[in-house]
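# Chain and residue survey
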Amino acid sequence: MTVQSGYHRYHIETRFTPDLIPPPPRFRVRVRKLRLIGLVLKELIEFRGHVRVALSRPCVYGVFSRPVGGLAPKEELCVGCLRCTVQYPEVVQICPNPERLRLGDSYLKPEYVDTILYEARTGRVPVRGAGYRGPFGGDGWDGMWTDMSEIVRPTRDGIHGREFISTAVDIGEKPSFLTFDAAGHPIGPTPRVLSIQVPFVLDVPPPGRRLRVLAEIFAEAARQLETLAILPVEVVVRFSLGGPHVMPLVRAETWPLLEKLPESPRIVALAGWDPDRYRALRARFPESLVAVRVPMDADLEPMVRTGVRVFHLTADYHGYAGRRFAIELIQQAHRQLVDMGLREEVTLIGSGGIVMAEHVPKAIICGLDAVALDTALWVALQARFDGECVEPAPAAVTFPRLKTAWGVQRLKNLVNAWRDQLLEVLGAMGLREVRRLRGEVGRCMFQRDLEREAFAGIEGFGE
């Protein structure tokens, strides 16, 4: 296993990377042109031919800044402040853009798409001066709140670098203790880990006619981000995408392709649980880590007893496995390993339903070591969903014509923005490394628990 020599402070190079296709504006600016012309003529008479006054219009954002003013408004600049509608309701109306409402799906909402596109475009944390105006609770990840009331000192600020906060995580086999023979040589299991600099790995890209360029983007982005890209073994072989940053995923039907891998991978993933194939994979790649990719509601105990130490737990793209959401399932897997006394020996990677930056610390608090990103990466590359995107097989996703360098920079920007937001959470909790966040449910609150404490016993609660 390769060990890097020398210390270097982890840093992601971000660069403004504009969208390939302009996203639909948030609002439609509907101007009644005849009434606008009549208004201008009326004001020209009222102000005695003062053209500058008659043509001035109330928009500080420049929606009416073209030479022809409101006859061709710049809808992409409208923020929906409604000042123009309030002052001239008979001339202009601002309406939500129905095209924008079709972005994403019922889980990855249009406002999430907006946020991801901003992060992928700029690499920066989105800041809205008007504050948060949405609900403070809801389904899924919105039913869980991080507790950042334990701020210890303002200098613990990982974003601006005054005090370093580590986001590196270790993936691999970590025995609880070592055993030595009489000569002092270790016998039995020894630690075998690889470190990634961010608690994100890049999950399998969707199939389709853009698969090759997507695979190249994911592999190169993983290399530059010092993390891993999970790619089907047939993609690795077909497009020659080997390297220490690639994690081949092998299924039963692609098993023969293992012989065509250009090199032994640092880590390889087995789709589904098959004890015989797991042992065969360990024997074929004795120096490699072997991860098992199973549904998030799977029983881990038989696999752990067999020797599996790296799991990739998967939910659908909306965060569900069966009828249960990821929050409950991750905690169940984490607690099961704790009860077995093996939590420190096992690595849990999870994917499904993680589409916003705040979902990452919440998933880690529930018990994951790292998360695998899927649909958020696709949106960063300006994918469009055709209907609901829930399962990999029937998901209909289309991408624009992509260039590798553009896609790599977009993913780097997105990961940097999400890492910065993770650093904000860690700094506010007084933690110096993300490893300490794993399973720290004392750092969060659950809406259902708070409501039960507040309203239990009151007539009508829970009905």
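Further up the page is the structure itself.
Below, the structure is looked at part by part. The numbers attached to residues start from 1 for each chain and follow its sequence in the written order. In view of the model being predicted, local features appear only for residues whose pLDDT reaches at least 70, and side-chain atom pairs are presented and counted only at 80 or more, with totals across whole chains, interfaces and linings using the full set of residues. Based on all heavy atoms of the structure, the side-chain values leave hydrogens and waters out of the count.

## Observations concerning the packing of helix H4 (residues 110–122) against helix H12 (residues 404–429)
- Angles run from 0 to 180 degrees between N-to-C directions of axes, and those axes are lines fitted to C-alpha atoms, restricted for helices to the stretch in contact. By definition, any uninterrupted DSSP run of H or I lasting at least four residues is a helix, any uninterrupted run of E lasting at least two residues is a strand, and each is numbered from the N terminus. Two numbers describe how H4 lies on H12: the axes approach to 6 Å, and their chain directions differ by 110°. Classified by the angle their axes make, H4 and H12 are roughly perpendicular. Only Arg410, Asn413, Leu414, Ala417, Trp418 and Gln421 of H12 make contact with H4, whose side of the interface consists of Ile116, Leu117, Glu119, Ala120, Arg121 and Thr122.
- Per-class residue counts for the contact of H4 with H12 are six nonpolar, three polar and three charged. Roughly parallel means an angle under 35 degrees; roughly antiparallel, over 145; roughly perpendicular, 65 to 115; everything else is oblique. Whether two residues are in contact is decided by their heavy atoms, any of which lying within 4.5 Å being enough. Here the nonpolar group is Ala, Val, Leu, Ile, Met, Phe, Trp, Tyr, Cys and Pro; Asp, Glu, Lys and Arg are the charged ones; every other residue, Gly included, is treated as polar.

## Here we look at the environment of cysteine 84
- Within the secondary structure, cysteine 84 is located in helix H3 (residues 83–87).
- Through-space distance from the C-alpha of cysteine 84 to that of proline 58 is 5.9 Å; in sequence the pair is 26 residues apart.
- Setting aside residues no more than four positions away along its own chain, cysteine 84 makes contact with Pro58, Phe64, Pro89, Val92 and Ile94.

## Structural notes on helix H9 (residues 326–340)
- Its 15 residues place the ends of H9 21 Å apart at the C-alpha level, agreeing with the 21 Å of an ideal helix rising 1.5 Å per residue.
- Only protein chains enter the calculation, and the probe is 1.4 Å; a residue is then buried if its accessible area is under 20% of its type maximum, exposed if over 50%, and partly exposed in between. Along H9, the residues that are buried comprise Ala326, Ile327, Leu329, Ile330, Gln331, Ala333, His334, Gln336, Leu337 and Met340.
- At the exit of H9 stands glycine 341, carrying a positive phi of roughly 75°. Here a helix's expected span is defined as the number of its residues, less one, multiplied by 1.5 Å.

## Considerations on the state of the cysteines
- For this text, the term disulfide refers to a pair of cysteine sulfurs within 2.5 Å. In the structure shown here, the tally under the stated rule is zero disulfides.
- Sulfur of cysteine 95: no disulfide; nearest cysteine sulfur belongs to cysteine 78 and is 9.9 Å away.
- Cysteine 444 forms no disulfide, and the closest cysteine sulfur to it belongs to cysteine 366, at a distance of 6.3 Å.

## Section: the nonpolar core
- Residues Trp141, Phe218, Leu300, Phe311, Trp378 and Trp418 are the most contacted members of the largest nonpolar core, which totals 128 residues.
- Ranked by the residues each element gives to this core, the list is headed by H12, at twelve residues.
- Those residues within four positions of leucine 300 in sequence are excluded, and the remaining contacts are Val294, Phe311, Leu313, Ala333, Gln336, Leu337 and Leu348.
- Residues belong to one nonpolar core when they are buried, are Ala, Val, Leu, Ile, Met, Phe, Trp, Tyr or Cys, and are joined through side-chain atoms within 4.5 Å. Ranked by size, the runner-up nonpolar core spans 14 residues in total, among them Val31, Val40, Phe64 and Val91.

## Side note on the packing of helix H5 (residues 211–225) against H12
- Across the interface, H5 lies against H12 with an axial gap of 9 Å and an inter-helix angle of 50°. When the axes of H5 and H12 are compared, the pair comes out oblique. Classified by chirality, the crossing of H12 by H5 is right-handed. Of the residues in H12, those touching H5 at Val213, Glu216, Ile217, Phe218, Glu220, Ala221, Gln224 and Leu225 are Thr404, Gly407, Val408, Leu411, Lys412 and Val415. In a left-handed crossing the near helix is turned counterclockwise from the far helix by less than a right angle, and in a right-handed crossing that turn is clockwise.

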